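Listed below, chain by chain, are the residues.
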Amino acid sequence: MKLSANLAQNIVNNSMQIIKKNINILDENGIIIASGDQGRINTFHEPSLEVIRTGKTIEVDKHQSSKIDGVLPGISLPITFGDKIIGVVGITGDPEEVRVFAQLLKNTVELMLQDAFLRQQLQVETGARDRFIHDLLKGRFEYDMDLFRLRARTLGCDIEVPRVAMVIDILKIGGVPLKEWVRGNDGRELKLESMTTDVQRRLRQLHEETSMITRVGRERFAILYIVPDDLKDEQLKKYIDCIARKLSDMLDKVFKMTVSIGIGNKANNYEEYSRSYREACLVLKITKKIWGTPSIYYWDDIGVNIILEYLPANIEEIITKTIRVLDDNLKETVRVFFDCNLSVNKAANKLFVHRNTLTYRLDRVNSLTGLDPRNFYDAMYLYLAIMLEKYNS
């Protein structure tokens, strides 16, 4: 490990809070790269070269320092990392006074270096894992599948087991819609970045053994969750639903986040993971536009609404043109009628109107559009028109 000036200065600042003496850190060439005395940075310290060469502590008293240019009284000790001396740490002052701090300082600096190294390695490993998961989600397997499988084994990712993709969108924080929450304070963007980092860390702590977890975008997380291979469809949905609800409850309780979770269909191995992920993303996109209510949504929930995403623009125009003659009251009447499975009685009760009033409104829709909501095929056309208008608004 090579000492950087920024890391060294952080260590100096933290160490000086413990030891109320000036501290210098020098590189392998005897140059001061960090100090409590900013005027000494980038100056040469001759005794340090001897410390690096011999690995021994050197003390310089007031008399000795007066004979060496740029040197003050103090004690210099080797900084070791592994079995290698990578620099020198010095404490300024009369050796008789500062000797009691010397070994403590050396130990403190080396512990801080080890901690920084471990955090750096963790960041590298996390970055590599995130890039690998992103490749899986996008279906980017490279040209050499043996190399891709080697990446998986190196990172401890099993890509041959069934998984289900879950995509989590943050919609609110503390009950406030996310966009409003971010605009509420100049520092909220940085706060959101810190919070999502904490969320990812918490998710990995709870589910690392069964999941591959990464962040995709500012307020979205993706999870590839291992599922038992022997569960029937209904059992699998209950199994995943339990996990998703626990995730949603945890995010609400710990981070005050309101989320929607989109869940794709089961993927048998790495070749299908990206398909399950795309399904989960599409589920969130469609349900957000149509219903807009935070919840847990499955591929089956969107049903025929999947058509809304893929209709060509010219067909959309033809369909939505049909209902432009309807006012909002008639559109709502038709929507509720469809929600009640074309039951006049149920729809009338839900709208708090008499059955005859509802019948009049449905007749009015038929008169204006030429489509009868009580006819199955006409109802399908009207439903698409109303949903398209809402989807594109």
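Small disclaimer: the values here were computed from a predicted structure and weren't measured.

Peer 1: Is there a simple way to think about the overall build of the protein chain in this case?
Peer 2: Scanning the protein chain from N- to C-terminus turns up 16 helices and 11 strands. Compactness check: the protein chain gives a C-alpha radius of gyration of 33 Å against a globular reference of 21 Å for 393 residues, more than 25% above the reference. Counting the 393 residues in the protein chain, one finds 45% classified as buried. Taking as baseline every contact in the protein chain between residues at least 6 positions apart, the subset at least 24 positions apart corresponds to 57%.

Peer 1: Help me understand empty space enclosed by the protein in this model?
Peer 2: Taking a probe equal in size to a water molecule and rolling it over the atoms shows the remaining empty space. Per the counting criterion, the structure on display carries one cavity of 30 Å³ or more. The computed volume of the largest cavity comes to approximately 120 Å³. Taken together, 16 residues form the lining of the largest cavity, with His45, Leu72, Gly74, Ser76 and Ile91 sitting closest to its centre. Of all the secondary-structure elements, those providing two or more residues to the lining of the largest cavity are β1 (23–26), β3 (58–60), β4 (74–81) and β5 (84–92). Residue composition of the lining of the largest cavity, by class: nine nonpolar, six polar and one charged.

Peer 1: It is not clear to me how the sheet that holds β3 should be interpreted in this structure. Could you clarify?
Peer 2: Hydrogen bonds along the backbone pair up the strands of a sheet, which may run parallel or antiparallel. Strands sit in the order β2-β1-β5-β4-β3 across an open sheet of five strands; the sheet is antiparallel. Two strands bound the open sheet, and with one partner strand each, they are β2 (32–35) and β3. Averaged over neighbouring strand pairs, the angle between their axes works out to 25 degrees when direction is ignored. Its contacts with the sheet place helix α2 (residues 46–54) against β1, β3, β4 and β5, and it is angled at close to 140 degrees to β5.

Peer 1: Sorry, what's going on with the nonpolar core here?
Peer 2: Considering soluble globular proteins, one finds that nonpolar side chains tend to be buried as a cluster. Of all hydrophobic cores here, the largest spans 34 residues; its most connected members are Leu308, Phe338 and Leu358. Of all the elements in the fold, those that place two or more residues in this core are α9 (270–290), α13 (328–339), α14 (344–351), α15 (355–369) and α16 (376–392). In terms of residue count, the dominant contributor to this core is α16 (nine residues). Discounting residues that sit within four places of it in the chain, Phe338 has contacts with Pro373, Ala379, Leu382 and Tyr383. Of all hydrophobic cores here, the second largest spans 31 residues; its members include Ile173, Val182, Leu247 and Phe255.

Peer 1: Can you walk me through a negative patch on the surface in this structure?
Peer 2: On the surface, Asp233, Glu234, Asp300 and Asp301 cluster together into a patch of negative charge. Elements that contribute at least two residues to the negative patch include exactly α8 (233–255) and α10 (299–302). In this structure, Asp300 sits in helix α10.

Peer 1: Sorry if this is basic, but what is going on with the packing of aromatic side chains here?
Peer 2: Aromatic ring pairs are described here by two measures, namely the spacing of the ring centres and the angle between the planes. Considering all chains together, one arrives at seven aromatic pairs under this definition. Seen in terms of ring centroids, Phe141 and Phe148 are 5.4 Å apart; in terms of plane orientation they differ by 70 degrees. Their pairing is edge-to-face. Grouping residues by exposure puts Phe141 and Phe148 together as buried. A connected cluster of aromatic rings, assembled from ring pairs, spans Phe132, Phe141, Phe148 and Tyr270. Positioned above the aromatic ring of Tyr298 is the side chain of Lys237, whose terminal nitrogen or guanidinium carbon lies 4.7 Å from the ring centre. Across the ring face of Tyr391, the terminal group of Lys289 is positioned such that the distance to the ring centre comes to 4.4 Å.

Peer 1: It is not clear to me how the pattern of salt bridges should be interpreted in this structure. Could you clarify?
Peer 2: In a structure, side chains of opposite charge can pair up when their charged atoms sit close to one another. In the structure shown here, the tally under the stated rule is 26 salt bridges. Across the salt bridge formed by Glu272 and Arg275, the nearest N and O atoms sit 3.2 Å from each other. Of the two residues, Glu272 and Arg275 both sit in helix α9, three residues apart, roughly one turn of that helix. The closest approach of N and O atoms between Glu332 and Arg335, which form a salt bridge, is 2.7 Å. Residue Glu332 and its partner Arg335 are both found in helix α13; the two are separated by three residues, about one turn of the helix. Its relative accessible area of 26% is what places Arg335 among the partly exposed residues. Put simply, Glu59, Glu96 and Arg99 are held in one network by salt bridges that share partners.

Procedures and definitions
Residues numbered from 1 in each chain as written. Predicted model: local features only at pLDDT ≥ 70, side-chain atom pairs only at ≥ 80, totals over all residues. Heavy atoms only, no water. Helix = DSSP H or I, 4+ residues; strand = E, 2+ residues; numbered from the N terminus. Rg over C-alpha atoms; globule rule 2.2 N^0.38 Å. Buried < 20%, exposed > 50% of the residue type's maximum accessible area, 1.4 Å probe, protein only. Contact = heavy atoms within 4.5 Å. 1 Å grid on protein atoms, 1.4 Å probe; cavity = no way out; pocket = protein on both sides within 12 Å on 5 of 7 lines; lining within 4 Å. Points joined across faces, edges and corners; volume = space filled by probe spheres on them. Nonpolar A, V, L, I, M, F, W, Y, C, P; charged D, E, K, R; others polar. Pairing = 2+ DSSP bridges. Axes fitted to C-alpha atoms, helices over the stretch in contact; angles between N-to-C directions. Core = buried A, V, L, I, M, F, W, Y, C linked by side-chain atoms within 4.5 Å. Patch = residues over 30% accessible without salt bridge, like charges linked within 9 Å, V, L, I, M, F, W, Y side chains within 5 Å. Areas by Shrake-Rupley, 256 points an atom, 1.4 Å probe, with all protein chains shown as cover. Salt bridge = Lys/Arg side-chain N within 4 Å of Asp/Glu carboxyl O. Lys, Arg positive; Asp, Glu negative; His and termini not counted. Charge placed at Lys NZ, Arg CZ, Asp CG, Glu CD. Phe/Tyr/Trp six-rings, centres within 6.5 Å; stacked < 30°, edge-to-face > 60°. Lys NZ or Arg CZ within 6 Å of the ring centre and 35° of its normal.

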